[in-house]
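These are the residues of each chain, in order.
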Amino acid sequence: MTTPAAVIEPDLTIIKTRDTGKTYKLTESSIQGYVDGLDALKQAIYKLLNTEKYEYPIYSFFYGIELDSLVGKDAAYAKVELKRRIKECLLRDDRIKCIDHFEFTVTGDEILCTFDVFSIYGEITITKEVNA
């Protein structure tokens, strides 16, 4: 006759906390001090939108935005894709609630995209220029 194996129940408590968002403050030429809140979020958005996805091995495949593949594409297609890719890129950050009010200005092979980011800290208007 066999004895049933004992079941061991782990005694775990999971506590979910929100990261404060405090990070190093980046300037054009150096790192000086810290930022948090809305300024930290602005910096995170800037870094995400200026890092080509899959380009740098130090970042995961989920970090950054894929813009190089829009070069040479029709402006109408590029605008639709740019809107989708910006949302996909930024909505991974749980501090961002919504992205809306996209406006596009096409000048030659450049697209200037302006949009609003609604976050837990408030609203931010972001401008991103892309070559299409």
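The structure reproduced in this document is the subject of the present report. Just so you know, these numbers come straight off a predicted model, no measurement behind them.

### Some remarks on a nonpolar patch on the surface
Thinking step 1. Together, Tyr24, Leu26, Ile31 and Tyr34 line one region of the surface with nonpolar side chains, adding up to about 460 Å² of accessible area.
Thinking step 2. Counting only elements with at least two residues in the nonpolar patch, the list comes to β1 (23–26) and β2 (31–35).
Thinking step 3. The exposed category is assigned to Tyr34, whose relative accessible area is 52%.

### Some words on the packing of aromatic side chains
Thinking step 1. Counted under the stated rule, the structure contains six aromatic pairs.
Thinking step 2. Centroid distance Tyr24 to Tyr34: 5.2 Å. Interplanar angle 25 degrees. Geometry classified as stacked. With Tyr24 in strand β1 and Tyr34 in strand β2, this residue pair connects regions lying ten residues apart in the sequence.
Thinking step 3. Here the aromatic rings of Phe102 and Phe115 are separated by 5.2 Å at their centres, their planes lie at 20 degrees, and the arrangement is stacked.

### Details of the side chain of Arg85
Thinking step 1. Looking at the element boundaries, Arg85 is found in helix α2 (residues 75–90).
Thinking step 2. When its relative accessible area of 10% is taken as the criterion, Arg85 is described as buried.
Thinking step 3. At 2.7 Å, the side chain of Arg85 and the backbone oxygen of Glu66 are in polar contact.
Thinking step 4. The contacts of Arg85, once residues within four sequence positions are left out, are Ile65, Glu66, Leu67, Ser69, Leu70 and Tyr77.

### Some remarks on the pattern of salt bridges
Thinking step 1. Evaluation of the coordinates by the stated rule reveals five salt bridges.
Thinking step 2. Residues Arg84 and Glu81 are paired through a salt bridge, measuring 2.7 Å at the closest nitrogen-oxygen approach. Highlighted residues: Arg84 and Glu81, both in helix α2, separated by three residues, approximately one helical turn.
Thinking step 3. For Glu81, a relative accessible area of 12% puts it in the buried group.
Thinking step 4. Residue Arg95 pairs with Asp93 through a salt bridge whose shortest N-O separation is 2.6 Å. As far as burial versus exposure is concerned, Arg95 and Asp93 are alike and both buried.

### Remarks on the packing of helix α1 (residues 37–49) against α2
Thinking step 1. Between α1 and α2, the shortest axis-to-axis distance is 10 Å and the interhelical angle comes to 130 degrees. On the basis of their axis angle, the class for α1 and α2 is oblique. Judged by the twist between their axes, the crossing of α1 over α2 is right-handed. Contact residues: Ile45, Leu48 and Leu49 in α1; Ile86, Cys89 and Leu90 in α2.

Quick notes on the rules
- Residues numbered from 1 in each chain as written.
- Predicted model: local features only at pLDDT ≥ 70, side-chain atom pairs only at ≥ 80, totals over all residues.
- Heavy atoms only, no water.
- Patch = residues over 30% accessible without salt bridge, like charges linked within 9 Å, V, L, I, M, F, W, Y side chains within 5 Å.
- Areas by Shrake-Rupley, 256 points an atom, 1.4 Å probe, with all protein chains shown as cover.
- Salt bridge = Lys/Arg side-chain N within 4 Å of Asp/Glu carboxyl O.
- Helix = DSSP H or I, 4+ residues; strand = E, 2+ residues; numbered from the N terminus.
- Buried < 20%, exposed > 50% of the residue type's maximum accessible area, 1.4 Å probe, protein only.
- Phe/Tyr/Trp six-rings, centres within 6.5 Å; stacked < 30°, edge-to-face > 60°.
- Polar contact = N/O pair within 3.5 Å; in protein donor to acceptor, adjacent residues only side chain to side chain.
- Contact = heavy atoms within 4.5 Å.
- Axes fitted to C-alpha atoms, helices over the stretch in contact; angles between N-to-C directions.
- Parallel < 35°, antiparallel > 145°, perpendicular 65-115°, else oblique.
- Left-handed = near helix turned anticlockwise from the far one by under 90°.

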